Number of protein chains: 2
Amino acid sequence: MDNLTRLGIDIGGTFIKFAVLKNGEILYKDQIPTNQESDIKLLGEITEKAKEIIKDYSIERIGVGVPGRIENGTVLSGNLPFKYTPVEKILKDAFSPIPVTVQNDANCAALGEALFGAGEKCENVVLVTLGTGIGGGIILERKIAPGNKCMGEIGHMIVMAKGGRECPCGLSGCWEQYASVTALIRQATETALLNKQDLLYKKYTENGEKLDGKLIFDAFDEGSACAVKVISDYIDWLKVGIESLVKIFAPDSIILAGGITKQGDKLLGELNKRANIRETKIEISHLQNDAGSLGAAML
Amino acid sequence: MDNLTRLGIDIGGTFIKFAVLKNGEILYKDQIPTNQESDIKLLGEITEKAKEIIKDYSIERIGVGVPGRIENGTVLSGNLPFKYTPVEKILKDAFSPIPVTVQNDANCAALGEALFGAGEKCENVVLVTLGTGIGGGIILERKIAPGNKCMGEIGHMIVMAKGGRECPCGLSGCWEQYASVTALIRQATETALLNKQDLLYKKYTENGEKLDGKLIFDAFDEGSACAVKVISDYIDWLKVGIESLVKIFAPDSIILAGGITKQGDKLLGELNKRANIRETKIEISHLQNDAGSLGAAML
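Residue and element names in this part refer to chain B. Within the element layout of this structure, Asn289 appears in the loop between β12 (281–284) and α10 (291–297). In sequence terms Asn289 and Ile185 are 104 residues apart; their C-alpha atoms lie 22 Å from each other. Sequence-distant contacts of Asn289, that is, excluding residues within four places in its chain, are made with Asp10 and Lys17.

This is the structure we're talking about:
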């Protein structure tokens, strides 16, 4: 590791996180809310905040993680108000002469985990982020994998070639149709509605006729047979994609991230028991929400 | 490209291929049969042949492609009489002071295709070899992908998570259980036995109660309804894995190799029509059996 003073910026849908790193140590951490109004406003607020930090810490490198498809520093699409926005160029102009690099946020998070988190001491790591969909970050030999910047859409590996659920991506049977948190909630809701005597249905009605990941695991903890079944099936779907990733990337470690991984051993214990993956370890993110900004700092 | 004189050696199950390259031009090409008796005899014959070539061409670099799992130049397993054989060390000693690098043969073939064949001008390439199983070679930014040397077992991506065929690898529903040539022949044989009036069954009996890839396509050409159905289904299975690879690696090109790709447009035309893969091209190997030795030379 070099001894440069580095600023990492992780642009998320709700918060923008900032972290200053030197020699692998965190000197500063903060966040501001994400202004979703326009790309200009969003980048303006980031620039303002970053300029303060640059002044205080004599920053020598800036790395930025952005969700969505990125090509040559331009964000093509994603959940933020970026559409063909040349984010890297704009920030380079703003912070000149400090070098600025923009990367996909999942790759930044994977790099953060590989360098400072659950993947420490691992050469090759796949980060699997479970949420609305499934995101992926791929680290090979302790660096973000080379190749096309759009690489790593692991949520769209096809795991059910016949009779698979349709995915908005245009394919059918994509992994995230079965193993995202969205899929877990959908499956739990369907099961609850068919089993109105079960505790899971009670949770569903008490919560205004909707479920979330936490409620499903709460029902599991309180002995709901439906929740036990739904979570067990969910773990089977997780397992399948993880086994494929192990064959494709042969990583030292598969790291799971996202709010649902707070359930810890309820997920990990069973997954490790069922998955047929030889030398690869499955782990849960250590850094969670900080992985992105720490990884971005190291770009 | 540098202007070193390079020797590439591709160790296959039947033949060992040698190629001398300089400035991307082939100066020499030859092959010898593979001595499967023992690792010592096999490496002895390779060394003898290579020493002649080294003398004639003042070789400056040697690259060797070997099927199977390789770690730090040691071949752990595979179809050749290698079992924990330190192939790289043995050949380094034999050819000292010329540098020797050993790599997985699928990666060598992918590199050959990316530099000199169907993937020329592509940055990122996945080579898919259709045969007894499905092999994969992955090129990112015109180099063999970094990471674990065992990476790229794309034939074992799980494409049928529920009710999938068991695979000797220990998983179920692996891609190669549906899209390898073995799988095509199995499916064709089952279909022929259920449709004894069909031309495919005639081919089967005339050939001593067995089918091969060529016979199936011959039946297709001659109008067998069974062959049409079997090949159409086969292309659907190919499509599924290719779509997953496109999501995972976002390559410029997916290159298909193996004897069956001689069928050319009968495979490729339909595949291109059915696959949902945006910017990626699907192509057929230009170099076929020469890809491995040419790629090995460039290691």
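Moving on: the state of the cysteines. Linking two cysteines covalently through their sulfur atoms gives a disulfide. Under the defined criterion, the tally for this structure stands at zero disulfides over all chains. Of all cysteine sulfurs in the structure, the one in Cys169 of chain B sits closest to Cys174 of chain B, which takes part in no disulfide; the separation is 3.7 Å.

Residue and element names in this part refer to chain B. With mixed pairing, five strands are arranged side by side in an open sheet as β3-β2-β1-β4-β7. Taken across any chain shown, the strands that pair with only one partner, and hence form the sheet edges, are β3 (25–33) and β7 (100–104). Within this sheet the neighbouring strands show an average axis-to-axis angle of 15°, counted without direction. In the sheet, strand β1 (residues 5–11) pairs with strand β4 (residues 61–66) via five bridges, with the strands oriented parallel. Within β4, the position partnered with Arg6 by the bridge is Arg61. Packed onto the sheet, helix α2 (residues 87–95) meets β4 and β7 and runs at close to 155° relative to β7. Sheet strands touched by helix α3 (residues 105–116): β1, β2 (15–22), β4 and β7. Its angle to β7, the strand with the most contacts, is close to 100°.

A few words now on the packing of helix α5 (residues 181–194) of chain B against helix α8 (residues 225–249) of chain B. All names here are of chain B. Remark: α5 packs on α8, axes separated minimally by 10 Å, with the N-to-C direction vectors making an angle of 145°. The element α5 and its partner α8 pack so that their crossing is right-handed. Contacts from Val181, Leu184, Gln187, Ala188 and Thr191 in α5 reach Cys226, Val230 and Tyr234 in α8. Partitioned by chemical class, the residues of the contact of α5 with α8 number six nonpolar, two polar and no charged.

Turning our attention to the side chain of Thr5 of chain A. Residue and element names in this part refer to chain A. When you line up the elements, Thr5 lands in strand β1 (residues 5–11). At a separation of 3.5 Å, a polar atom in the side chain of Thr5 contacts the side chain of Lys22. Filtering out sequence-adjacent residues up to four positions away, Thr5 remains in contact with Val20, Leu21, Lys22, Tyr57, Ser58, Ile59, Glu60 and Arg61.

What follows is about the relation of the copies chain A and chain B. It takes a turn of 180° to lay chain A on chain B, together with a shift of 0.0 Å along the axis; the resulting RMSD is 0.0 Å. Both copies of the chain, as the preceding transformation shows, are related through a two-fold rotation axis. A share of 100% of the interface residues of chain A reappears at the interface of chain B, consistent with the copies meeting face to face through the same patch.

Summed over all chains, the structure comprises 34 salt bridges over all chains. Sharing partners across several salt bridges, the network here consists of Asp236, Glu270, Lys273 and Arg274 of chain A.

Before going further, it helps to spend a moment on the packing of aromatic side chains. Tallied over the entire structure, the rule returns nine aromatic pairs over all chains. Residues Tyr28 of chain A and Tyr57 of chain A carry aromatic rings whose centres are separated by 5.5 Å and whose planes lie at 55° to one another, so their mutual orientation is tilted. Of this pair, Tyr28 of chain A sits in strand β3 (residues 25–33) while Tyr57 of chain A is found in helix α1 (residues 39–57), placing the two residues 29 residues apart along the sequence. The ring centre of Trp237 of chain B lies 4.8 Å from the NZ or CZ of Lys162 of chain A, which sits over that ring.

Further remarks concern the pairing of strand β8 (residues 125–130) of chain A. Residues and elements named next belong to chain A. Most of β8 is tucked away: five of the six residues are buried. With six bridges connecting them, β8 and strand β9 (residues 134–140) associate as antiparallel partners. Paired with Leu127 across the bridge in β9 is Gly137. Taken together, β8 and the strand that follows it, β9, pair antiparallel across an intervening segment of three residues.

Residues and elements named next belong to chain A. One way to put it is that α1 packs onto helix α2 (residues 87–95) with a least axis distance of 11 Å and a crossing angle of 40°. Our classification of the angle between α1 and α2 gives oblique. The crossing of α1 and α2 is right-handed. Residue-level contacts link Leu43, Thr47, Ala50, Lys51 and Ile54 of α1 to Val87, Ile90, Leu91, Ala94 and Phe95 of α2. Of the residues belonging to the contact of α1 with α2, the class tally is eight nonpolar, one polar and one charged.

What follows covers the interface of chain A and chain B. Between chain A and chain B, the residue contacts involve 33 residues of the former and 33 residues of the latter. Across the chain A/chain B interface, buried area totals approximately 3200 Å², and carbon plus sulfur atoms make up 59% of it. Interface area lost by chain A to chain B is led by Ile158, Lys247 and Ile248 of chain A, which between them contribute 20%. Put simply, chain A and chain B have two salt bridges between them. Applying the counting criterion to the chain A and chain B interface returns 14 residue pairs in polar contact (both at pLDDT 80 or more). For the side of chain A that touches chain B, the leading source of residues is helix α8 (residues 225–249) of chain A, giving eight residues. For the side of chain A that touches chain B, a count of residues per class yields 16 nonpolar, eight polar and nine charged.

We now examine helix α7 (residues 213–221) of chain A. All names here are of chain A. Considered for burial, the residues of α7 that qualify are Gly213, Leu215, Ile216, Phe217, Asp218 and Ala219. Among the structural elements, α5 (181–194), α6 (199–206), α8 and α9 (265–274) are those in contact with the buried residues of α7. Looking at where α7 begins, the residue whose side-chain oxygen comes 3.2 Å from the main-chain nitrogen of Lys214 is Asp212. Two residues or fewer past α7, Gly223 is found with a positive phi of approximately 90°.

Judged by nonpolar contacts, the single largest core of 110 residues is most densely connected at Val128, Trp175 and Phe249 of chain A together with Val128, Trp175 and Phe249 of chain B. Those residues in contact with Trp175 of chain B that sit more than four places away from it in its chain are Val128, Ile134, Ile154, Gly155, Met157, Val159, Trp237, Leu238, Gly241, Ile242 and Leu245 of chain B.

Before going further, it helps to spend a moment on the sheet that holds strand β10 (residues 143–144) of chain A. Residue and element names in this part refer to chain A. Here we have five strands laid out as an open sheet, ordered β10-β9-β8-β11-β12, and mixed in their pairing. Where the open sheet ends on each side, the last strands, each with one partner, are β10 and β12 (281–284). Pairing geometry for β8 and strand β11 (residues 253–257), over five bridges, is parallel. From the neighbouring strand, Val126 faces β11, where its bridge partner is Ile254. On top of the sheet, helix α3 (residues 105–116) reaches β8, β9, β10 and β11; it is set at about 50° to β9, its chief contact.

Cut-offs applied
- Residues numbered from 1 in each chain as written.
- Chains lettered and ligands numbered in written order.
- Predicted model: local features only at pLDDT ≥ 70, side-chain atom pairs only at ≥ 80, totals over all residues.
- Heavy atoms only, no water.
- Helix = DSSP H or I, 4+ residues; strand = E, 2+ residues; numbered from the N terminus.
- Contact = heavy atoms within 4.5 Å.
- Disulfide = S-S within 2.5 Å.
- Pairing = 2+ DSSP bridges.
- Axes fitted to C-alpha atoms, helices over the stretch in contact; angles between N-to-C directions.
- Left-handed = near helix turned anticlockwise from the far one by under 90°.
- Nonpolar A, V, L, I, M, F, W, Y, C, P; charged D, E, K, R; others polar.
- Polar contact = N/O pair within 3.5 Å; in protein donor to acceptor, adjacent residues only side chain to side chain.
- Least-squares fit on C-alpha atoms with pLDDT ≥ 70 in both.
- Salt bridge = Lys/Arg side-chain N within 4 Å of Asp/Glu carboxyl O.
- Phe/Tyr/Trp six-rings, centres within 6.5 Å; stacked < 30°, edge-to-face > 60°.
- Lys NZ or Arg CZ within 6 Å of the ring centre and 35° of its normal.
- Buried < 20%, exposed > 50% of the residue type's maximum accessible area, 1.4 Å probe, protein only.
- Parallel < 35°, antiparallel > 145°, perpendicular 65-115°, else oblique.
- Buried area = accessible area lost by both parts, 1.4 Å probe.
- Core = buried A, V, L, I, M, F, W, Y, C linked by side-chain atoms within 4.5 Å.

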